[in-house]
Amino acid sequence: MAQQLTMGAKLRQRVEEQGESPAFIFRSPHDGRYVLSWNRLYRLAGRFAAVLNSRGLGRGHLVVNTLVNSPERAVCEAGIWLSGAASVNGHCQMADGSDLLHTLRVSRASALLVDPDVSNSPWNVLTKYVSVGEDDSVTSSDLTDLKKLFFIRRVEGDGPGDFISQMDSDSDWFQADDVNSEDIMSVFTTSGTTGFSKLVVCTHGDYIQPMEAFCKDKQTGKPLQNYERQYSTAPFGWLGGYVGSSVITSSTKVTCDVRAGGVPKDMPEFIFQVLEEEKCTSAFISPVYLPRLKQLAQTRHVKAESKAEDQTSKGSKLNQVILGGLPITREMVAATLSLAHVAIIGYGGSDFNGVSYNIVTDSETFEDHDTGRPVEGVSVKIVSQEDEETVLPVNQTGHILVKGSIRNQGYLNDPTLKTDDYLTKDGFFRTQDVGRLDERGHLIVDGRGSDAIMRGPYIFYPSWMESCIRACSGVRDVIITGVPDPLVNEELCACVVMESDSVTLEQVRHFVEKEVVTTEDDPLSPRPRYYLEFQSFPMTDTGKPKRKVIKAQAAERLQCSD
């Protein structure tokens, strides 16, 4: 039984059931369409597992995966499962690569997967810290645990060095037979107060059991055979977009092949076209794209009416669109229902799995930030922000605590994150979010209860960026705050106090774009969208900036409103 609760076993099950059906469909405005069937995914993954095994990597080893959404990322992730090793999400958003270096150091990973040919490749940073020898072995005085490096390349015309072609031509194949549900499957990254990610340990059982429970028929208890095609804008390394979701739900995941030319310039237009051409039945879409998608859907509807087209033959709505990662408003739901019959609003996190979800068919009756009832087996309580022992009554706002959906393994190799820091004495997890339970038992999630900024699907702690910007010549002080935004909940605003008039906000912006964050043109990238100059900051009696006052002043100056 335990053996079946592994991703390798589940992948094999999908192969037996669906064979040549698509597991993944990758679309790109540059390279067209690429399909990975279940059979081919399993075959290529097993061959990559054999490569890992031949390099001495397997059960107990961690492999940092920095690849973008692509066929190569899917194959490598599945290959890591089959090898018995575990993956670590290796994102690199800071221009100096310090976030990736932190992940490598803390995880003590044995190996790294990198594509040196993509724009803003993490390899550009790492070349200063590692030396590569024969057989791509690695030596580094700074990253002493890192021993193996794998260059995962895509070569035009499937030429020499092309990863997929190499896996196609290899004959060795491997699947570890000693993996069980308690082994680490993946280490997800989630926001930390220092700006560096916390590393959340997830075993095979941690991931599979909640997913399977969600995919069961509520009346019969039997698994739902979900053969839908779902478009997703989420990164493969993020829990909400993880490669393994298709394996558990038996659905086909359709997504953008970011390796082929990066993120499309008009992402909503690209999404809209792919939804129709691939006949997708559902989608997981970042709310940042919703207004433009709504506009495209309305335009299509008008054109169809003028041509008296049959809506059932072309342009019909999706069954459902899943939203998550930030407080969802009625406006977002209305835009979603222009695309789909149902909007599903979920609440959860990398630290504590899924907590609640809300199925919405009418935006007029939807209350802002309503995430629905907690799922079976999950308890939620709202406690006072001043006194955690005080449980608040219905409709009073406080800190959200959850129980029953926690990853028991905690955080990887981080002695500063003690169990008592994130778990209460009675076993509830401190989400750090603020909200309330209403009279229906629905959980209303209003956002973060700290200085953290909830932007899109990401939680941003400002201290690390503030420290970086203070290094800009001519900047005396800076506060990064969130200002209300209808699409991503809060946008980043850099409030800057200058040393003199010789420095401009545009110079500060240029410094940030070049020295602080990566320059990839990604609407979800953590860079300030607004810059405001302050003569000074309002201070507390103890000499600390009044962040709430600065936030309100920034919102007023930008003519933002809650």
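Anything mentioned here points back to the structure above.
Just so you know, the residues in each chain are numbered from 1, in the order the chain's sequence is written. Since the coordinates come from a predicted model, pLDDT governs what is reported: local features require at least 70, and pairs of side-chain atoms require 80 or more to be given and counted, while whole-chain, interface and lining totals use all residues. The basis for the side-chain values is all heavy atoms of the structure; hydrogens and waters are excluded.

(A) Structural context of the pattern of salt bridges. Any Lys or Arg side-chain nitrogen found within 4 Å of a carboxyl oxygen on Asp or Glu counts as a salt bridge. Across all of its chains, the model carries 33 salt bridges by this definition. Two residues, Asp-183 and Arg-59, come together in a salt bridge whose shortest N-O distance is 2.9 Å. Placement of the pair is Asp-183 in the loop between helix H6 (163–169) and strand S9 (184–190) and Arg-59 in the loop between helix H2 (38–54) and strand S3 (62–65), with a sequence separation of 124 residues. A relative accessible area of 14% means that Asp-183 is categorised as buried. For Arg-59, a relative accessible area of 38% corresponds to the partly exposed category. Between Arg-527 and Glu-513 there is a salt bridge; the shortest N-O distance is 2.9 Å. Of this pair, Arg-527 sits in the loop between helix H14 (505–516) and strand S26 (530–534) while Glu-513 sits in helix H14; the two residues are 14 residues apart in sequence, bridging distant segments of the chain. Exposed residues in this analysis have more than 50% of their type's maximum accessible area, buried residues have under 20%, and partly exposed residues fall in between, with area computed by a 1.4 Å probe over protein chains only. Arg-527 sits in the buried class, given a relative accessible area of 9%. The structure contains a network of salt bridges with shared partners spanning Arg-27, Arg-33, Arg-229, Glu-277 and Glu-278. Segments assigned H or I by DSSP are reported as helices when at least four residues long, segments assigned E as strands when at least two residues long, and all are numbered from the N terminus.

(B) Structural detail: the packing of aromatic side chains. Aromatic rings from Phe, Tyr and Trp, with only the six-membered ring used for Trp, were paired whenever their centres fell within 6.5 Å, and each pair was classed as stacked if the ring planes differed by under 30 degrees, edge-to-face if by over 60, and tilted otherwise. Counted by the stated rule, this structure contains 16 aromatic pairs. Ring centres of Phe-48 and Phe-150 lie 6.0 Å apart, and the angle between their planes is 75 degrees; on these two criteria the pair is classed as edge-to-face. Taken together, the positions of Phe-48 in helix H2 and Phe-150 in strand S8 (residues 148–151) put the pair 102 residues apart, joining distant regions of the chain. Judged by relative accessible area, Phe-150 falls into the buried class, the value being 5%. Consider the rings of Trp-123 and Phe-151, whose centres lie 5.1 Å apart with planes at 85 degrees: the pair is edge-to-face. Taken as a pair, Trp-123 in helix H5 (residues 123–126) and Phe-151 in strand S8 lie far apart in primary sequence, 28 residues in all. Judged by relative accessible area, Trp-123 falls into the buried class, the value being 14%. Cation over ring: Arg-153 sits above Phe-151, and NZ or CZ is 5.3 Å from the ring centre. Here the guanidinium or amino end of Arg-557 rests over the ring plane of Phe-534, the centre of that ring lying 4.9 Å away. Comment: the charge-over-ring label is applied if NZ (Lys) or CZ (Arg) is within 6 Å of the ring centre and within 35 degrees of the ring normal.

(C) Quick look at the side chain of Gln-230. One can find Gln-230 in strand S11 (residues 229–232). By relative accessible area, Gln-230 is classed as buried at 13%. With residues near it in sequence (within four places) discarded, Gln-230 still touches Thr-252, Lys-253, Val-254, Ser-282, Ala-283, Phe-284 and Ile-322. Working rule for contacts: check all heavy atoms of both residues, and any pair within 4.5 Å makes them a contact.

(D) Expanded view of the sheet that holds strand S1 (residues 22–28). Two strands pair if DSSP finds at least two bridges between them. Ordered by their spatial adjacency, 9 strands build an open sheet running S2-S1-S12-S11-S13-S14-S15-S16-S17, and the pairing between neighbours is mixed. The open sheet has two free edges, formed respectively by strand S2 (32–37) and strand S17 (373–374), since each of these has just one partner strand. Direction of pairing for strand S13 (residues 282–284) relative to strand S14 (residues 318–323): parallel, over a ladder of 3 bridges. Residue pairing across strands places Ser-282 opposite Gln-320, the latter belonging to S14. Axis lines are fitted to C-alpha atoms, over the contacting stretch for helices. Their N-to-C directions set the angle, which ranges from 0 to 180 degrees. Helix H3 (residues 71–83) rests against S1 and S2 of the sheet, and its axis sits at about 15 degrees to S2.

(E) View of H2. To estimate the expected span of a helix, subtract one from its residue number and multiply by 1.5 Å. The terminal C-alpha atoms of H2, which comprises 17 residues, lie 24 Å apart, in line with the 24 Å expected from a rise of 1.5 Å per residue. Among the 17 residues in H2, 13 count as buried, and that is most of the element.

(F) Focus on the pairing of S9. Counting buried residues in S9 gives 6 out of 7 residues, a clear majority hidden from the surface. Both S9 and strand S10 (residues 198–203) contribute to a ladder of 6 bridges, which runs antiparallel. Among the inter-strand pairings, Ser-186 is bridged to a residue of S10, identified as Cys-202.

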